[in-house]
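Chains, contacts and geometry: an overview
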Amino acid sequence: MLRIAALLSLLFLLFLTGLGPIIWGDDALAIDTAALAQGASAAHPMGTDGLGRDVLARIMVASRLTVGLALLTTAIAVAGGLVLGGLPAVLGPRAGRLINGFVGLVVAFPGLLIALVLAVVFGSGGTAAALAIGVASIPSFARLTQTLAASVAGRDFIAAARVLGVGRVRMLYRHILPNIAEPLVVQATLGAGGALLAFAALSFLGLGVQSPGYDWGVLLNEGLNRVYINPAAALGPGLAVVLAGLAFNVMGEYAAQAFGGRSRVIRTRGRSSRPAPGPALRVRDLTVRYGDAVPVKGVSFEVVPGERVGIVGESGSGKSLTALAVSGLVEPPGQVSGDIEAAETAMVFQDPMTSLNPALRIATQLAEVATTHEGMSRRAARSLAVTRLTDVHIAQAARVVRQYPHELSGGMRQRAMIAMGLMGTPRLIIADEPTTALDVTVQKQILDLLREVSTTTGAAIVLVSHDLAVVGQLCSRVLVMYAGVIVEDLPVSRLTAEPDAGDGPAHPYTRALLAAVPDLTADRSRPLATIPGRMPSPLDVTGGCPFAPRCPRADSRCHAETPAFDGAVACWHPHTTEHVLKEESR
Amino acid sequence: MPDMPRHPWAHYLLRRATRFLISMALLVTATFAMVHAIPGDPVRAALGATASPELVAAKTHELGLDLPVWQQYARYLAALFSGELGASMTSGLPVAQTIADRLPYTSLLAAVALAVVMLVAVPLGMAMAAVTRGGRGRVGELLFTGVAGFLAVVPEFLLAVCLVALFAMGLEWLPVADVTGSMGPEFYILPALALAIGPAAALARIVRVEGLQVLASDYVRTARAKRLPARVVHLRHALPNLLTSALTIGGLLVSGLVAGSVLVENVFAWPGLGTALVEAIRAKDFPVVQGVVLIYGSAVLLVNFGVDLLLGRLDPRSVIGES
């Protein structure tokens, strides 16, 4: 759609500028003394000007000069901007800071104001105005170049090039400019539209193209003088300016989309239900779909009060989405189906840096839970907040509540998140990778805190993690997810048990997952164990066991029939069965 | 991590004030340099080819343009600090007088327009963000982005022309300013609309996009996880995080408004600074240009400074940060 619009825009501009003067050139000059300054008529659709020349023809002819001057202006702006914006990268940090500072100061002034001042210097006329507007737009292009260059400068390949001793100039044109070319092209196209408008403005003010030459701005000015007699003479050039400006914008948008590779997700309706509690959590046949992709495919499990359950799996196994769906936080286009019965829930998210509102004090964010749900007064809620922060072992809680999230450390913020969950009376705490963003010593403290909270309040915990060690420390029971389904449900003791002793995990995937965890006894001379192959994507429709392609124990049945989850394991050839079979065959 | 200053707010204030002063110095120097950058003899250019050489020489001497540049600069600075902006080359009227006469019209117009922009754009953008969050309301989204996108690219002077053609000529509902009569509130409607529609559309689009981002952020998810009513989620958790960007953009819009007002004033023959500036540029009447540009420039800088201070209050993170 945008592609067609962009193509049409390009054709429109090419047609006007290429053929406009050829087709309408004579009409634009023909002086019709019988029809001076007339309104719109069949012979002159937009009327005539003071010398009886056809306004429409003049608009068409003026397009070449107008668009040409806009492109010239853009070229000046882009060239100047590249030089000024690229200089800091070439000259080094000290001179660079000076230039950046200067650009930063100049960019604060409105471009048109700078252009007007420059018009005093350069004088009036087409080229002078192009120079004035072009130079006036240099700072904003320089700013863009510099920002983009800075964003690229932090990337690994630049660091690598620097290590290799690539010089600054070479770095700029070999490594930096090619990587920022796309956004620059987009901005230049959009900038051409802006230049066109600015030029029209300057000409309109009588500071751009001078008579007898004319561009759309001049025609607009002439038209406005006679707007009482013939509005079309003013609206016509105005329309031309807007259309051409839009054409540049559409092309810029298309360039941005083509470069950015944006895609849109198909929208479906979705709703999550949350009826009253029975157990802490009961999930039946939970499915989450995003269009054709089904990242969670019919998950069922139960969590009793006070129980601490871990959900583990590789990235993309659907464990986090399961947690989000349980707390009703899957947003459209995600679509949730199935039965979820959850007791009052508190969430602890992965990244405490972004999960707290940066603009609100800790006190506000904690207290509002109690004021909203428990109908507590603000003062009472505030003192409860202090108590809860103390409960999660935050020292000087009275001071901390007055602070903003950015003033706290990562561990403190995660504690504050947990305290926030405790402001109500949660019977279930869902913690989605709560320790992943924290360092190891803080991890342990947070896990200890979660365990303590669970024992003192009786709240059940569902811990989502890819880290078996974290799950082992906190949970008593583990759900193993693979490709959107639960493949095994086992007590944590079986996870840590010696697999060969016969009471290790039953599912080959769980065993493979365990084998991939390095420990202190791992032979460091050998590569780390991995699970060969990759997990099927949520888009794949799998017949048979989803793990079969990667499973050492898979046979033809595994590839053909999907094993049902029997409450403990979903596998045709679980390890325990084999163990029992061996016993029997003996 | 750099050392945290003991009083981050005072530190921030100092940094912003320094920046403001340097920008002012840049502005003053640029207006001074403008006269010297005019090719040929600026006095001759201003007085025209017919002026006698004696007159040009006398005027040049009067303006001090025959002095060494550094002395001229010193004179210029001294004059500025005593509020002296010189006199028009064409009319001989003091520039300060011209500005005092015309500034109220321009600033009132800009203030009305800015108020319209803010009052329309922020609620509209926020509402559209809430409605179109996560790909809902596709028709509304298309309609909004289409219309707002179109209005945002139509330059204000074209809007002004259209408004004149439609409401003043066609329907004859509203008057167009005339310099002779006194200006009642009804005279402000069309110019203020012409100035406000574009920026309002642009700001509403930005607020919507920012709003979508804020509504998708982890902390809004946290707020939803707390089962807060939608009103609290939007007004308490989303809006303050939105206001910072809306204010930043709003500050930029003010500079746009300044530029736009020059054009709109010319369409409506508004007795403001914009018409004076354009007349002066055409006549190469550089003392007037200098004075008006100084006013416009310092207005923009003042607004930016004010926005910075407000931002520091609204978003506590902006006080620290940046080295």
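As shown above, the structure is provided for reference.
First, a word on scope: everything that follows refers to the structure included in this document. Computed from a predicted model, the values in this text were never measured in an experiment. Here the residue numbers are simple positions, counted from 1 along each chain's written sequence. Starting at A for chains and at 1 for ligands, labels are handed out in the order in which the entities are written. In view of the model being predicted, local features appear only for residues whose pLDDT reaches at least 70, and side-chain atom pairs are presented and counted only at 80 or more, with totals across whole chains, interfaces and linings using the full set of residues. The basis for every side-chain value is the complete set of heavy atoms in the structure, and neither hydrogens nor water enter the calculation.

1. Some remarks on a nonpolar patch on the surface
All names here are of chain B.
- Patches draw on residues past 30% relative accessible area with no salt bridge. Two like charges within 9 Å are joined, as are two nonpolar side chains (Val, Leu, Ile, Met, Phe, Trp, Tyr) within 5 Å. Using a 1.4 Å probe, the Shrake-Rupley method yields the accessible areas, and only the shown protein chains count as cover for residues. By convention in these notes, a salt bridge is any Lys or Arg side-chain nitrogen within 4 Å of a carboxyl oxygen on Asp or Glu. On the surface, a cluster of nonpolar side chains totalling about 350 Å² of accessible area is made up of L108, V112, V116, V120 and L124.
- Secondary structure follows DSSP: runs of H or I at least 4 residues long count as helices, runs of E at least 2 residues long count as strands, and numbering of each begins at the N terminus. Relative to the elements of secondary structure, L124 occurs in helix α5 (residues 95-132).
- Burial status follows relative accessibility: with a 1.4 Å probe on protein chains alone, a residue under 20% of its type maximum counts as buried, one over 50% as exposed, and anything between as partly exposed. The exposure class assigned to L124 is partly exposed, which follows from its relative accessible area of 39%.

2. Considering the state of the cysteines
Residue and element names in this part refer to chain A.
- Note on disulfides: each one is a pair of cysteine sulfur atoms within 2.5 Å. Going through the model one piece at a time under the given rule, you end up with zero disulfides over all chains.
- Cysteine C545 remains unbridged, with the sulfur of C558 as its closest cysteine sulfur at 6.0 Å.
- Residue C545 is classed as buried on the basis of its relative accessible area, which comes to 10%.
- For the unlinked cysteine C551, the closest cysteine sulfur is that of C571, found at 6.1 Å.
- With a relative accessible area of 16%, C551 lands in the buried category.

3. A word on the interface of chain A and chain B
- Contact between two residues is taken to exist if any of their heavy atoms lie within 4.5 Å; hydrogens are not considered. With 64 residues of chain A in contact, the opposing surface of chain B contributes 61 residues.
- Of the roughly 5600 Å² buried between chain A and chain B on both sides combined, carbon and sulfur atoms contribute 72%.
- Note on terms: buried area is the combined drop in 1.4 Å-probe accessible area of two parts once they are placed together, counting the loss on both. Looking only at chain A, the three residues that lose the most surface to chain B are L105(A), F109(A) and V120(A), adding up to 11% of its buried area.
- N or O atoms within 3.5 Å of each other form a polar contact, as long as, within protein, one can give a hydrogen and the other can take it, and as long as residues adjacent in sequence are counted only when both atoms are side-chain atoms. Inspection of the region where chain A meets chain B yields two residue pairs in polar contact (both at pLDDT 80 or more).
- In terms of residue count, helix α9 (residues 231-260) of chain A provides more of the side of chain A that touches chain B than any other element does, eight residues in total.
- Throughout this entry, Asp, Glu, Lys and Arg are counted as charged residues, while Ala, Val, Leu, Ile, Met, Phe, Trp, Tyr, Cys and Pro are counted as nonpolar. The remaining residues, Gly among them, count as polar. Its residues placed into classes, the side of chain A that touches chain B shows 42 nonpolar, 16 polar and six charged.

4. Remarks on the pairing of strand β3 (residues 308-312) of chain A
Residue and element names in this part refer to chain A.
- When you tally the buried positions in β3, you get five out of five residues, the bulk of the element.
- Burial of β3 is two-sided: the residues R308, G310 and V312 facing one way and the residues V309 and I311 facing the other way are all buried.
- Pairing between strands is defined by DSSP: at least two bridges between the two strands are required. Here β3 pairs with strand β7 (residues 460-464) via four bridges, running parallel. Directly across from R308, in β7, lies its bridge partner I461.
- Direction of pairing for β3 relative to strand β8 (residues 477-482): parallel, over a ladder of four bridges. Each bridged residue has a counterpart across the sheet, and for V312 the counterpart in β8 is V480.

5. Comments concerning the pattern of salt bridges
Residues and elements named next belong to chain A.
- Summed over all chains, the structure comprises eight salt bridges over all chains.
- Across the salt bridge formed by D339 and R284, the nearest N and O atoms sit 3.8 Å from each other. Remark: R284 occurs in strand β1 (residues 281-290) and D339 occurs in strand β4 (residues 335-342); sequence separation between them is 55 residues.
- A relative accessible area of 41% places D339 in the partly exposed class.
- Classification of R284 by relative accessible area gives partly exposed; the value is 40%.
- The closest approach of N and O atoms between E314 and R550, which form a salt bridge, is 3.2 Å. With E314 in the loop between β3 and α10 (319-326) and R550 in the loop between α19 (508-515) and α20 (556-560), this residue pair connects regions lying 236 residues apart in the sequence.
- Connected via shared salt-bridge partners are E307, R477 and D489.

6. Examining a positive patch on the surface
- Residues R361(A), R378(A), R382(A), R399(A) and R402(A) make up a contiguous surface patch of positive charge.
- In this fold, R382(A) is placed in helix α13 (residues 378-391). For the charge count, each Lys or Arg is scored as positive and each Asp or Glu as negative, with His and the chain ends excluded. Where a charge sits is defined by one atom per residue type, namely NZ (Lys), CZ (Arg), CG (Asp) or CD (Glu).

7. With respect to the nonpolar core
- What makes a nonpolar core is a set of buried Ala, Val, Leu, Ile, Met, Phe, Trp, Tyr and Cys residues whose side-chain atoms join them at distances within 4.5 Å. In this structure, W216(A), F157(B), V267(B) and L277(B) are the most contacted members of the largest nonpolar core, which totals 137 residues.
- Core analysis: the second largest hydrophobic core is formed by 93 residues, L389(A), V401(A), V464(A) and I531(A) among them.

8. Focus: helix α4 (residues 111-122) of chain A
All names here are of chain A.
- Relative to the 16 Å expected for 12 residues at 1.5 Å per residue, α4 spans 16 Å between its end C-alpha atoms, a close match to the ideal helical length.
- For α4, a buried count of nine out of 12 residues is recorded, marking the element as mostly surrounded by other parts of the structure.
- When we look at burial in α4, the residues that qualify are L112, L113, A115, L116, V117, L118, A119, V120 and V121.
- In the stretch just after α4, G123 is the one whose phi turns positive, near 85°. In this scheme, a helix's expected span is set at 1.5 Å multiplied by one less than its residue total.

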